[in-house]
Amino acid sequence: MRILIRTSKWAILARRLGTLAIPLVVISVLLHRIGILPSNGFMFVAGLTLLVALFGVIAAFVAMTRLWFTGDQGWSKALIGLALSLVALLPFVWYGSLAMRYPAVTDIYTTDRAEMPLVFDAQTMSMPQPKTLSAAQIARVFPNVQTRDYPLGLTQTFGLVRQLVEDRGWDVRVLREPTAEFEPGRINARIVTLVGWREEAVIRVTGNATDSEVNMRSASLNALHDFGDNGLRVEEFLTALDDAVTGLMRDNPDANTPIEEQPETD
């Protein structure tokens with residue numbers, strides 16, 4: 001007589017939920033990055049993915065508990081479902097840890113934001129009200145978000161800033177070179193984060209022939225929490241600029257010395 005060994009329905013459910021959660025994560029991020037899926041739709045899909053992955057984990061544990069006592073089939077399905085659901089939950093765990101580490105902020109700057117306006121377009125027109133921090137809060141959370149003063153001319157410093165922006169592959173939307181009368185230079189550039197949030201960096205350089213001042217702003221255009229992205233971006237960029245200026249001054253100690261015109265000879 002054949003003994004019928006059943007396959008746990010909970011195990012089947014766990015595998016199906018885990019198999020669904022992974023594509024939801026990957027496809028939603030890809031569509032958000034290329035702009036097909038709007039941010040509110042992305043947040044809805046992210047919430048749905050979180051629920052699917054959580055139910056996948058719960059179903060897997062229920063299945064394994066029942067399998068331990070009943071001897072039914074389904075261990076492989078339960079374990080596969082558990083593994084896939086846990087992988088789908090990893091981004092949520094990561095961003096949850098960032099949300100606990102960094103305050104809910106979407107706009108970080110070294111000086112008055114009015115001096116570093118964002119590009120006015122459809123994205124900035126529809127962006128939510130920015131969340132900012134006080135100067136004391138910025139100094140505590142992002143201590144390197146500070147105005148930079150360099151003993152280097154405006155033109156040379158702006159050239160270094162421009163090169164750093166190009167090296168990072170940011171999408172430059174505004175590029176205003178400093179003038180011969182030492183009018184400030186400014187760069188506005190857009191950045192797409194790993195999961196598709198749009199952010200904008202603004203770098204403003206002022207100064208004269210021998211000295212310069214650099215201020216920077218980074219703002220999220222369609223997120224309610226930047227998970228530290230903007231502050232870390234400003235810190236990383238300005239630290240890299242410190243190194244670039246130091247290297248230039250070390251290798252070219254006469255960088256600020258005007259080049260004298262040689263008299264014409266017959």
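Residues numbered from 1 in each chain as written. Predicted model: local features only at pLDDT ≥ 70, side-chain atom pairs only at ≥ 80, totals over all residues. Heavy atoms only, no water.

Peer 1: Looking at this model, I keep getting lost on the environment of Leu13. Mind explaining?
Peer 2: For Leu13, the position within the fold is in helix α1 (residues 9–34). Separated by 43 residues in sequence, Leu13 and Gly56 have C-alpha atoms that sit 7.4 Å apart. (Helix = DSSP H or I, 4+ residues; strand = E, 2+ residues; numbered from the N terminus.)

Peer 1: I keep staring at the packing of α1 against helix α2 (residues 39–70) and nothing clicks. Help me out?
Peer 2: Between two packed helices, both the angle of their axes relative to each other and the distance between the axes serve to describe the pair. With their axes 8 Å apart at the nearest point, α1 and α2 run at an angle of 160° to one another. Considered as vectors, α1 and α2 are oriented roughly antiparallel to each other. In terms of crossing hand, the pair formed by α1 and α2 is left-handed. Here the contact of α1 with α2 is composed, by residue class, of 19 nonpolar, 5 polar and 1 charged. (Axes fitted to C-alpha atoms, helices over the stretch in contact; angles between N-to-C directions. Parallel < 35°, antiparallel > 145°, perpendicular 65-115°, else oblique. Left-handed = near helix turned anticlockwise from the far one by under 90°. Nonpolar A, V, L, I, M, F, W, Y, C, P; charged D, E, K, R; others polar.)

Peer 1: Would you mind going over empty space enclosed by the protein with me for this structure?
Peer 2: Leftover empty space is mapped by rolling, across the atoms, a probe with the size of a water molecule. On inspection of all chains with the given rule, the structure shows 1 cavity of 30 Å³ or more. Its boundaries defined by the atoms lining it, the largest cavity holds a volume of some 50 Å³. Tyr95, Thr193, Val195, Trp197, Glu199, Ala223, His225, Asp226, Phe227 and Asp229 are the residues that line the largest cavity. For the lining of the largest cavity, the per-class residue count stands at 5 nonpolar, 2 polar and 3 charged. (1 Å grid on protein atoms, 1.4 Å probe; cavity = no way out; pocket = protein on both sides within 12 Å on 5 of 7 lines; lining within 4 Å. Points joined across faces, edges and corners; volume = space filled by probe spheres on them.)

Peer 1: What is the right way to look at the layout of surface pockets in this model?
Peer 2: Taken as a whole, the largest pocket spans an internal volume of roughly 610 Å³. Phe42, Ala46, Phe92, Tyr95 and Val195 are, among the 27 residues lining the largest pocket, the residues nearest its centre. Looking at the lining of the largest pocket, the elements with two or more residues in it are α1, α2 and α3 (75–101). Take the lining of the largest pocket: its biggest share by element is 7 residues, from α2. Taken together, the residues that form the lining of the largest pocket break down as 21 nonpolar, 6 polar and no charged.

Peer 1: Help me understand the pattern of salt bridges, please; the structure alone is not making it clear to me.
Peer 2: Close approach of charged atoms allows side chains with opposite charge to pair. Tallying each qualifying case throughout the model produces 13 salt bridges. Residue Glu177 is joined to Arg162 by a salt bridge in which the shortest nitrogen-to-oxygen separation is 2.3 Å. Taken together, the positions of Glu177 in the loop between β3 (171–176) and β4 (185–192) and Arg162 in helix α6 (residues 154–167) put the pair 15 residues apart, joining distant regions of the chain. For Glu177, a relative accessible area of 40% corresponds to the partly exposed category. Residue Arg162 is classed as partly exposed on the basis of its relative accessible area, which comes to 31%. Close ionic contact of Glu200 with Arg190 constitutes a salt bridge, the shortest N to O distance being 2.6 Å. With Glu200 in strand β5 (residues 198–207) and Arg190 in strand β4, the pair connects residues that are 10 residues apart, well separated along the chain. Among the residues examined, Glu200 registers a relative accessible area of 0% and is labelled buried. Given the relative accessible area of 6%, Arg190 is considered buried. (Salt bridge = Lys/Arg side-chain N within 4 Å of Asp/Glu carboxyl O. Buried < 20%, exposed > 50% of the residue type's maximum accessible area, 1.4 Å probe, protein only.)

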